[in-house]
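Next come the chains, spelled out residue by residue.
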Amino acid sequence: MTSPVNSIKRGGSRFYVDPVTQDKLPSVTSIQNALAKPALKFWSAKKVAEAAVDEFGTLAQMVGQGNKSGAIDYLKRAPQRSSGPTAELGSAVHDLCDRIAKGEDIKRVHPEHEPFILQFKNFLRDFDVEFYESEVTVWSDTYGFAGTVDAICRIEDEVVILDYKTGASGVWADVAIQLNAYANADCILDGDGSRRDLPEIEAAAVLHLRPEHAQLYPVRLGDDVFDVFKALITADTWVREISKTVLGNPIDPTTEMEQ
């Protein structure tokens, strides 16, 4: 079993670190943050509004006691409070799926996770899945990115790069950008720094796991989709690096006149 490649967070972005060279590359998901997500903006606004209504008494008391900044901070953090438990659930389910994919016979599962894992096992049975890789880091010196692939497996005689999603909102189109990036990586990078060839990827899919179902969605691989990801690399470089270099200090007209 391979060990994972370490990652670090800097300036709001995640970077993977080559254990041998110490080179750092931004993660695919961090690069994708350069893509506008209108639905996320409206979701965040809704969570703040809900908190303002649901916690009106508490907020009014805070403001009445002179703690206006505390009330504002409480509202600002409403989206994080809502997404935190969901993210923790998703991480736990991903971890269990990884362990199963690697052959572990899991005897006991937390009741909250059990229906997800039951659906995952149903998926494995229904599609007769054979795993080649699970939770591996892919690396691209060519394009400058890295990321963690949930699984590479054989499904119905195709080698498929597979992503797991557990959110109640369903599957969104931008997962295609993520999977096209992974499919175009240079290699698999193991925790000891060794590099291995990616299997020849023939298809991509996302498995949407919920307590009531396991739905497999095919995802198109294509140069046009990967071109979108390459454009996001440029946009991400702008946000992280170039944008910090383009503005100089204000010009003092008095100093300019003296010169």
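For clarity, every value in this text was computed on a predicted model and none was experimentally measured. (Residues numbered from 1 in each chain as written. Predicted model: local features only at pLDDT ≥ 70, side-chain atom pairs only at ≥ 80, totals over all residues. Heavy atoms only, no water.)

1. A look at the sheet that holds strand β1 (residues 7-10)
Inference 1: Strand order in this open sheet of three strands is β1-β2-β3, and the pairing throughout is antiparallel. Sheet topology places β1 and β3 (24-26) at the edges, where each strand pairs with a single neighbour. Adjacent strand axes in the sheet meet at a mean angle of 35°, parallel and antiparallel pairs treated alike.
Inference 2: Pairing between β1 and strand β2 (residues 13-17): four bridges, direction antiparallel. From the neighbouring strand, Lys9 faces β2, where its bridge partner is Arg14. (Pairing = 2+ DSSP bridges. Helix = DSSP H or I, 4+ residues; strand = E, 2+ residues; numbered from the N terminus. Axes fitted to C-alpha atoms, helices over the stretch in contact; angles between N-to-C directions.)

2. Quick look at the environment of Phe120
Inference 1: Among the structural elements, Phe120 can be located in helix α6 (residues 114-127).
Inference 2: The residues touching Phe120, leaving out its near neighbours within four places in the chain, are Cys97, Ile100, Phe131, Tyr164, Leu207 and Leu209. (Contact = heavy atoms within 4.5 Å.)

3. Comments concerning a negative patch on the surface
Inference 1: Together, Glu156, Asp157, Glu158, Glu200 and Glu202 make up a negatively charged patch on the protein surface.
Inference 2: Note on placement: Asp157 falls in the loop between β5 (145-155) and β6 (158-165). (Patch = residues over 30% accessible without salt bridge, like charges linked within 9 Å, V, L, I, M, F, W, Y side chains within 5 Å. Areas by Shrake-Rupley, 256 points an atom, 1.4 Å probe, with all protein chains shown as cover. Salt bridge = Lys/Arg side-chain N within 4 Å of Asp/Glu carboxyl O. Lys, Arg positive; Asp, Glu negative; His and termini not counted. Charge placed at Lys NZ, Arg CZ, Asp CG, Glu CD.)

4. Re the sheet that holds strand β4 (residues 130-140)
Inference 1: Across the sheet, seven strands lie side by side as β8-β7-β4-β5-β6-β9-β10; this open sheet has mixed pairing. Each having just a single partner strand, β8 (195-196) and β10 (213-219) make up the two edges of the open sheet.
Inference 2: Where β5 meets β6, five bridges bridge the pair, whose relative direction is antiparallel. Counted as the bridge partner of Cys153 is Val160 from β6.
Inference 3: Relative to the sheet, helix α7 (residues 175-183) contacts β4, β5, β6, β9 (203-210) and β10, its axis offset from that of β6 by approximately 135°.

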